[in-house]
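The primary structure of each chain is shown beneath.
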Amino acid sequence: MSMTVIWTGMVTLAVLFGLATGRGPEVAAAAVEGAASAVQLALSMAGMLCLWTGVMEVMRRAGLAQGLSRLLSPALRLLFPQAARDRAAMDSIAANVSANLLGLGNAATPLGLEAARRLGRASPGVASDSLCMLVVCNTASLQLIPTTVASVRAAAGCQAPFDILPAVWLASALSVAAGVLACKLLARVWRG
Amino acid sequence: MELFFTMLVPLILCGVALYAAGRRVDVYAALVQGAGAGLETLLRIVPALVGLMTAVAMLRASGALEFLARALAPALEGLGLPPELLPLMLVRPVSGSAALGVGAELIAAYGPDSPLGRTAAVMLGSTETTFYTIAVYFGAVGITRTRYAVPAALCADLTGFLAAAWAVRLLFP
């Protein structure tokens, strides 16, 4: 529903503003060209996007995510102190985080939901500290290789679509750190 | 270092193929099947791209985007955020495919290698669809009292936007 409000608002604002500033014809032209350019974009990013989902399927079948979750387990115990004793929950969390890191979104969500169900048993209806941490980790972007964005850049004529990787890693790391920090601080002061 | 990032894609392709083949995975069959699934993903996002790229293109043509950016410039620039990317920042937490549509329009309009185009790409790559994710997780577990999950997640989003603008200024002077 929220996208209905946003989209209707955008189009209405464009029409009213265009009429008021005398740019009606430009708005009309943009309405036609915008839709066409969306399909053009989809076509030009199709190759790269498909290649990467192919590579991700190879990674998934080779068990790369399992190897990564073994590496991550010790660090994750620090983030989920209350859940550290629940082996099954910690395994699901580690698998969820490593699938997110590799960009295996379709695999990450069921694993994360499994972990969330286990964490939720302790306090029905109320989000525990561990559950808040899990959700915040999943609302922050952990993906190491942002393939969809790179496909969009390549489709726009970029020669080195992956040159933003260091910047993406830096921004992601800071964003995740802020989320984790906010969780740890709010867990202390939040009442109820 | 630059060569590393230029060669990163072929190196990943080669490394993943060798590792998977070593573990007796039918690499080619997996690659082709995954690529097919990629087409389905693409088909799913095309409708959102059509809707959002049209809306943003109309907003830009009407001059409203420029007007909004200029009106909010003092506040956003004080934070170090480019006002031109405001639509992207507003849509990002609500819908992933919509944010991709808005971001793609901005990247195409300003150029993928311009500071604005780069910042839009880094913002897309370093944040997630917060409200959708929260709805899926808490919905699945039946949580009604979400406590501090929303403010903490939005704090991560805002930091991601600020850090994206900062990282592009730092790494692409």
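To start, this report covers the structure provided alongside it. Source: prediction; values computed, not measured.

**Considerations on the overall build of chain A**
In step 1: For chain A, the count of helices and strands is eight helices and zero strands.
In step 2: Overall, chain A shows an N-to-C arrangement of helices and strands of α-α-α-α-α-α-α-α.
In step 3: Its C-alpha atoms give chain A a radius of gyration of 21 Å, more than 25% over the compact-globule value 16 Å for 192 residues.
In step 4: Split into buried and exposed, the 192 residues of chain A put 49% on the buried side.

**Quick look at the overall build of chain B**
In step 1: Looking only at helices and strands, chain B features nine helices and zero strands.
In step 2: The order of α-helices and β-strands along chain B, N terminus first, is α-α-α-α-α-α-α-α-α.
In step 3: Seen through its principal axes, chain B has C-alpha atoms that stretch 60 × 45 × 30 Å.
In step 4: Looking at chain B alone, contacts between residues at least 24 apart form 65% of all its contacts between residues at least 6 apart.

**Section: helix 6 (residues 96-110) of chain B**
Residue and element names in this part refer to chain B.
In step 1: In this model, helix 6 (15 residues) spans 21 Å end to end at C-alpha, consistent with the 21 Å of a helix rising 1.5 Å per residue.
In step 2: Taking burial as the measure, the 15 residues of helix 6 include 13 buried ones, the bulk of the element.
In step 3: Where helix 6 terminates, the next one or two residues include Gly111, which has phi positive at roughly 95 degrees.

**Side note on the interface of chain A and chain B**
In step 1: Taken together, the 82 residues of chain A in the interface contact 85 residues of chain B.
In step 2: For the side of chain A that touches chain B, the elements supplying multiple residues, two or more each, are helix 1 (2-20), helix 2 (24-61), helix 5 (105-120), helix 6 (129-139), helix 7 (147-155) and helix 8 (165-189) of chain A.
In step 3: Looking at which element gives the most residues to the side of chain A that touches chain B, the answer is helix 2 of chain A, with 25 residues.
In step 4: By residue class, the composition of the side of chain A that touches chain B is 55 nonpolar, 19 polar and eight charged.

**A closer look at the nonpolar core**
In step 1: With 117 residues, the main nonpolar core has A:Val58, A:Val136, B:Leu49 and B:Val122 as its most contacted residues.
In step 2: It is helix 3 (residues 27-62) of chain B that contributes the most residues to this core, 15 residues altogether.
In step 3: Sequence-distant contacts of B:Val122, that is, excluding residues within four places in its chain, are made with A:Ile164, A:Ala167, A:Val168, A:Ala171, B:Ala164, B:Ala167 and B:Val168.

**What about the packing of helix 1 of chain A against helix 2 of chain A?**
In step 1: As a packed pair, helix 1 of chain A and helix 2 of chain A sit with axes 7 Å apart at the nearest point and diverge in direction by 150 degrees. Two secondary-structure elements touch here, helix 1 of chain A through A:Ala14, A:Val15, A:Gly18 and A:Leu19 and helix 2 of chain A through A:Gly24, A:Glu26 and A:Val27.

**A look at the packing of helix 3 of chain B against helix 6 of chain B**
Residue and element names in this part refer to chain B.
In step 1: Packing of helix 3 against helix 6 brings their axes to within 8 Å, and their N-to-C directions diverge by 50 degrees. Comparing their axes, helix 6 and helix 3 come out oblique. With respect to the hand of their crossing, helix 3 and helix 6 are arranged in right-handed fashion. For the pair helix 3 and helix 6, the contacting residues are Ile45, Ala48, Leu49, Gly51, Leu52, Met53, Val56, Ala57 and Arg60 in the first and Ser97, Ala98, Leu100, Gly101, Val102, Ala104, Glu105 and Ala109 in the second.
In step 2: Here the residues of the contact of helix 3 with helix 6 sort into 12 nonpolar, three polar and two charged.

**A word on unusual backbone geometry**
Residue and element names in this part refer to chain B.
In step 1: Positive phi values are uncommon outside glycine, yet Arg24 reaches one of about 60 degrees.
In step 2: Within the secondary structure layout, Arg24 lies in the loop between helix 2 (8-22) and helix 3.
In step 3: For Arg24, a count of 9 C-beta atoms within 10 Å puts it in the exposed group.
In step 4: Despite not being glycine, Arg147 shows a phi value in the positive range, around 50 degrees.
In step 5: By the secondary structure assignment, Arg147 is in the loop between helix 8 (130-141) and helix 9 (149-171).

What counts and what doesn't
- Residues numbered from 1 in each chain as written.
- Chains lettered and ligands numbered in written order.
- Predicted model: local features only at pLDDT ≥ 70, side-chain atom pairs only at ≥ 80, totals over all residues.
- Helix = DSSP H or I, 4+ residues; strand = E, 2+ residues; numbered from the N terminus.
- Rg over C-alpha atoms; globule rule 2.2 N^0.38 Å.
- Buried ≥ 20, exposed ≤ 12 C-beta atoms within 10 Å, placed from the backbone.
- Contact = placed C-beta atoms within 7 Å.
- Expected span 1.5 Å × (residues − 1).
- Nonpolar A, V, L, I, M, F, W, Y, C, P; charged D, E, K, R; others polar.
- Core = buried A, V, L, I, M, F, W, Y, C linked by C-beta atoms within 7 Å.
- Axes fitted to C-alpha atoms, helices over the stretch in contact; angles between N-to-C directions.
- Parallel < 35°, antiparallel > 145°, perpendicular 65-115°, else oblique.
- Left-handed = near helix turned anticlockwise from the far one by under 90°.

Read these as spatial facts, not as claims about activity.
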